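Understanding the architecture of this molecule
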Amino acid sequence: MPEWLQAGGWGLLAGSALLIGAAVGFFARVPQRITASVMAFGAGVLLSAVSFELIAEAHEQGGMLPTVLGATGGAIVYTLANVALARHGARHRKRSGDQQPSEDEQPGSGSALAVGALLDGVPESVVIGASLLSGGAVSLVTVVAVFLSNVPEGLSSAAGMRQAGRTRRYVFLLWTGIALISGVAALLGNTLLGGAPPEVLAAITALAAGAILAMITDTMVPEAFENAHLLVGLITVAGFLTAFALSHA
């Protein structure tokens, strides 16, 4: 199978977890404490993947300067885009409660939510596609980490969309589209970066890592700790250690 097609398949697989989470969040009435716990686990998984897979890989490929510049750039670009989207109603797109505005309350918020979901998912998928370039095999740790974190993201966001009055058609078309775009982003990450110098690959990997880290703290952590109970910190560490163990398996 061509490498670019493998990359697209892995990206689609990881993105499909958003649909699984969205189905649970939309149709089931999951207690917010459970949602917070699941989101905390997902945040821990991604934090570990950023630390031990993405940043470590970028540093090994290109050294400190491309890693620092890439991560900083990714965080800045994500934050600026997120600020713009927040002004149009997408500030609480990962929240499961009543924080998300309805279309009547803020016209255009549905489109902003869709763009926000895309902003959150693309960096992860690009890294999945690019991971095939370095060693000829996809980084299974990255795929698993993204898959595990996408479930609570889809769950929490879909639950909030339901409370805001979004239709089932809107919710599932959105997450189906994001899953498909995740596959395309992974494919493009593989094809467009093929033959790039190690320093460029390092900067791109770090760029995605910086964007993901900014996304975790801005959209996942607030939901995880909104209804924090005494076990939330422990659950976050459990997620972190799960991804850490996978990276050393």
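The rules behind the values
- Residues numbered from 1 in each chain as written.
- Predicted model: local features only at pLDDT ≥ 70, side-chain atom pairs only at ≥ 80, totals over all residues.
- Heavy atoms only, no water.
- Helix = DSSP H or I, 4+ residues; strand = E, 2+ residues; numbered from the N terminus.
- Rg over C-alpha atoms; globule rule 2.2 N^0.38 Å.
- Contact = heavy atoms within 4.5 Å.
- Areas by Shrake-Rupley, 256 points an atom, 1.4 Å probe, with all protein chains shown as cover.
- Lys, Arg positive; Asp, Glu negative; His and termini not counted.
- Charge placed at Lys NZ, Arg CZ, Asp CG, Glu CD.
- Axes fitted to C-alpha atoms, helices over the stretch in contact; angles between N-to-C directions.
- Parallel < 35°, antiparallel > 145°, perpendicular 65-115°, else oblique.
- Left-handed = near helix turned anticlockwise from the far one by under 90°.
- Nonpolar A, V, L, I, M, F, W, Y, C, P; charged D, E, K, R; others polar.
- Phe/Tyr/Trp six-rings, centres within 6.5 Å; stacked < 30°, edge-to-face > 60°.
- Buried < 20%, exposed > 50% of the residue type's maximum accessible area, 1.4 Å probe, protein only.
- Lys NZ or Arg CZ within 6 Å of the ring centre and 35° of its normal.
- Core = buried A, V, L, I, M, F, W, Y, C linked by side-chain atoms within 4.5 Å.
- Expected span 1.5 Å × (residues − 1).
- Bend = angle between axes of the 7 residues up to and from the residue.

Re the overall build of the protein chain
Check the secondary structure of the protein chain and you find eight helices and zero strands. Shown N-terminal to C-terminal, the secondary structure of the protein chain runs as helices and strands in the order α-α-α-α-α-α-α-α. A globule of 249 residues ought to have a C-alpha radius of gyration of about 18 Å, and the protein chain, at 17 Å, matches this closely. Referenced to the eigenvectors of the C-alpha coordinate spread, the extents of the protein chain come out at roughly 50 × 35 × 35 Å. Across the protein chain, the fraction of contacts at a sequence separation of at least 24, relative to all contacts at a separation of at least 6, is 85%. Surface summary for the protein chain: the accessible area is close to 10800 Å², and the carbon and sulfur share equals 70%. Considering the protein chain, the positive charge centre built from 11 side chains and the negative charge centre built from 15 side chains are found 12 Å apart.

A word on the packing of helix 2 (residues 32-62) against helix 7 (residues 198-226)
A pair of packed helices is captured by two measures, namely the crossing angle of their axes and the spacing between those axes. Between helix 2 and helix 7, the shortest axis-to-axis distance is 9 Å and the interhelical angle comes to 165°. With respect to each other, helix 2 and helix 7 are oriented roughly antiparallel. Judged by the twist between their axes, the crossing of helix 2 over helix 7 is left-handed. Of the residues in the contact of helix 2 with helix 7, the class split is 21 nonpolar, five polar and two charged.

Describing the packing of aromatic side chains
This model, assessed by the stated rule, comprises five aromatic pairs. When the centroid spacing of 5.4 Å and the interplanar angle of 85° are considered together, the rings of Phe26 and Phe27 count as edge-to-face. What makes Phe26 buried here is its relative accessible area of 11%. Three or more aromatic residues joined by ring pairs make a cluster, and in this case those are Phe26, Phe27 and Phe172. The ring centre of Tyr170 lies 5.6 Å from the NZ or CZ of Arg166, which sits over that ring.

A closer look at the nonpolar core
Leu46, Leu54, Ile212, Met215, Ile216 and Met220 are the most contacted members of the largest nonpolar core, which has 18 residues in total. Among the elements of the structure, helix 2 and helix 7 are those that each provide at least two residues to this core. The greatest single-element share of this core, amounting to nine residues, is contributed by helix 7. One finds Ala22, Phe26, Val171 and Leu174 within the second-largest nonpolar core, a separate group that totals 15 residues.

Some thoughts on helix 2
A rise of 1.5 Å per residue sets the reference length of helix 2, with its 31 residues, at 45 Å; its end C-alpha atoms lie 42 Å apart and thus fit the reference within 8%. Along helix 2, the sharpest kink reaches roughly 35°, centred on Val50. Count one or two residues on from helix 2 and you reach Gly63, which has phi positive near 95°.

This is a description of form; function is not addressed.
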